[in-house]
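# Structural overview
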Amino acid sequence: DQQVKQNSPSLSVQEGRISILNCDYTNSMFDYFLWYKKYPAEGPTFLISISSIKDKNEDGRFTVFLNKSAKHLSLHIVPSQPGDSAVYFCAARTGGGADGLTFGKGTHLIIQP
Amino acid sequence: NAGVTQTPKFQVLKTGQSMTLQCAQDMNHNSMYWYRQDPGMGLRLIYYSASEGTTDKGEVPNGYNVSRLNKREFSLRLESAAPSQTSVYFCASSERGRPPYGYTFGSGTRLTVV
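These lines cover the structure that appears in this document, whether it is placed above or below. (Residues numbered from 1 in each chain as written. Chains lettered and ligands numbered in written order. Predicted model: local features only at pLDDT ≥ 70, side-chain atom pairs only at ≥ 80, totals over all residues. Heavy atoms only, no water.)

## What to know about the pattern of salt bridges
Residue and element names in this part refer to chain A. Where we set the bar: Any carboxyl oxygen of Asp or Glu that lies within 4 Å of a side-chain nitrogen of Lys or Arg is treated as forming a salt bridge with it. Numbering of helices and strands runs from the N terminus; a helix is a DSSP stretch of H or I covering at least four residues, while a strand is a stretch of E covering at least two. In this scheme, a residue with accessible area under 20% of its type's maximum is buried, one over 50% is exposed, and one in between is partly exposed, where area comes from a 1.4 Å probe on protein chains only.
Evaluated as defined, the whole model comprises seven salt bridges over all chains. The salt bridge partner of K37 is D84, with a shortest N-O separation of 3.9 Å. With K37 in strand β4 (residues 32–38) and D84 in the loop between β8 (72–77) and β9 (86–93), this pair connects stretches of sequence that are 47 residues apart. Grouping residues by exposure puts K37 and D84 together as buried.

Right under this line is the structure:
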């Protein structure tokens, strides 16, 4: 059973507008949530994270919001730029053995000029 | 440049052949991981090593073995490759127990089994 779900395989947004990527989870034991960005033929790179005791974390154009009661988090990118076109993975930490992360299937963000 | 290095970048194997994917990190991280990425499946954990000398199974360990050779190196072995193991393999490392718990990933090995 998938514990981290990204229900939108792809998302198209116009350059300069806001991109909102969504992620849902089922495991109440997750204590940290992370977003990764991946370009073709490269490994994923860490983007931003949020602790389960917070509801918002901001880093430049990127903001992550966490709604624990709804078991939902979202990544906002404002303003969207062409270089933001990539696959975005949501991940959650269970705190087990080696800080194990569970990943969603990813959302392909396409920024239209 | 500091980071995670994977070799080879590309490999084609025949069914039944064996091979070892190599991974090395120079960030002095304790924990290392092997993931596979398949279309529509996201990243799935194969094996991980919390620290030198320890290894544990992840979500999809069947058909694989691993060796944590030392703190820097973590290899993944396919003893008898199958077409179902065609995938992109990523190695990652992390500083265990310290927020934000982000992994550093290698650039991947694209493996095709025919």
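Now, onward.
## Structural notes on the side chain of T107 of chain A
Residue and element names in this part refer to chain A. Stated precisely, the cut-off is as follows: In this description, contact between two residues means that some pair of their heavy atoms is separated by no more than 4.5 Å.
Relative to the helices and strands, T107 is located in strand β11 (residues 107–112). In this structure T107 comes out as buried when scored by relative accessible area, which is 3%. Beyond its immediate chain neighbours, meaning those up to four positions away, T107 contacts Q6, S8, P9, S10, L11, L21, A86, V87 and Y88.

## Things to note about the side chain of R36 of chain B
All names here are of chain B. Cut-off, in case you're wondering: Under the rule applied, a polar contact is a pair of N or O atoms within 3.5 Å (in protein, one hydrogen donor and one hydrogen acceptor; residues adjacent in sequence only if both atoms are side-chain atoms).
For R36, the position within the fold is in strand β4 (residues 31–38). Of the polar contacts made by the side chain of R36, one reaches the side chain of Y64; its length is 2.8 Å. With near-sequence residues (within four places) excluded, R36 lies in contact with G42, L43, R44, I46, V60, Y64, S84, Q85, T86, S87, V88 and Y89.

## Focus on the environment of V87 of chain A
All names here are of chain A. For V87, the location among the structural elements is in strand β9. Given a relative accessible area of 23%, V87 falls into the partly exposed group. For the pair V87 and K105, spaced 18 residues apart in the sequence, the C-alpha separation amounts to 9.5 Å. Once you skip the residues sitting within four places of it in the chain, V87 turns out to touch Y36, K37, K38, G106, T107 and H108.

The quantities given are spatial measurements derived from coordinates; they are silent on function.
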